[in-house]
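Residue-level structure breakdown
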Amino acid sequence: MFGLFKKKTEKEKLEIEYKKLMKEAFELSKSNRSASDDKYAEADRILKKIESL
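Here we summarise the structure given alongside this text. All values reported here derive from a predicted model rather than from experimental measurement.

1. Re the environment of Leu 47
With respect to the helices, strands and loops of the structure, Leu 47 is situated in helix α2 (residues 33–52). Sequence separation between Leu 47 and Leu 21 is 26 residues; the distance between their C-alpha atoms is 11 Å.

2. Structural notes on the nonpolar core
Grouped together as the largest cluster of nonpolar side chains are five residues: Leu 14, Leu 21, Ala 43, Ile 46 and Ile 50. Going through the elements one at a time, α1 (10–29) and α2 are the ones with two or more residues in this core. Examining the composition of this core, we find that three residues originate from one element, α2, more than from any other. Setting aside anything within four residues of it in sequence, one finds Leu 21 in contact with Lys 39, Glu 42, Ala 43 and Ile 46.

3. A few points about the pattern of salt bridges
Counted by the stated rule, this structure contains four salt bridges. For Lys 39, the salt bridge identified is with Glu 24, shortest N-O distance 2.8 Å. Here Lys 39 is found in helix α2, whereas its partner Glu 24 is found in helix α1, with 15 residues between them in sequence. A salt bridge links Asp 44 to Lys 48, with the nearest nitrogen and oxygen atoms 3.6 Å apart.

4. Re the packing of α1 against α2
Contact pair α1 / α2: the axes reach a minimum separation of 8 Å and the direction vectors enclose 165°. Taken together, the axis directions place α1 and α2 in an arrangement best described as roughly antiparallel. The element α1 and its partner α2 pack so that their crossing is left-handed. Of the residues in α2, those in contact with Lys 11, Leu 14, Glu 15, Glu 17, Tyr 18, Leu 21, Met 22, Glu 24, Ala 25, Phe 26, Leu 28 and Ser 29 of α1 are Arg 33, Ala 35, Ser 36, Lys 39, Tyr 40, Glu 42, Ala 43, Ile 46, Leu 47, Lys 49 and Ile 50. Taken together, the residues of the contact of α1 with α2 break down into 13 nonpolar, two polar and eight charged.

5. A few points about the environment of Ser 36
Tracing the chain through its elements places Ser 36 in helix α2. C-alpha separation for the pair Ser 36 and Glu 15, spaced 21 residues apart in sequence, amounts to 19 Å. Apart from the residues lying within four places of it in its own chain, the contact partners of Ser 36 are Ala 25, Leu 28 and Ser 29.

Conventions we followed
- Residues numbered from 1 in each chain as written.
- Predicted model: local features only at pLDDT ≥ 70, side-chain atom pairs only at ≥ 80, totals over all residues.
- Heavy atoms only, no water.
- Helix = DSSP H or I, 4+ residues; strand = E, 2+ residues; numbered from the N terminus.
- Core = buried A, V, L, I, M, F, W, Y, C linked by side-chain atoms within 4.5 Å.
- Buried < 20%, exposed > 50% of the residue type's maximum accessible area, 1.4 Å probe, protein only.
- Contact = heavy atoms within 4.5 Å.
- Salt bridge = Lys/Arg side-chain N within 4 Å of Asp/Glu carboxyl O.
- Axes fitted to C-alpha atoms, helices over the stretch in contact; angles between N-to-C directions.
- Parallel < 35°, antiparallel > 145°, perpendicular 65-115°, else oblique.
- Left-handed = near helix turned anticlockwise from the far one by under 90°.
- Nonpolar A, V, L, I, M, F, W, Y, C, P; charged D, E, K, R; others polar.

None of this, on its own, says anything about what the molecule does.
Put into structure tokens, the structure is as follows:
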């Protein structure tokens, strides 16, 4: 209840986006390898942003 109105930090938002992209990349790796590689590259860029924070 105390965290009900707490806003997410930029780092938390990026971590959620990173996890989402990694899951999508994994699912795409089963059918479309080039699209999967693109998702991994995008996730890598987000990971670098997280590390810089």
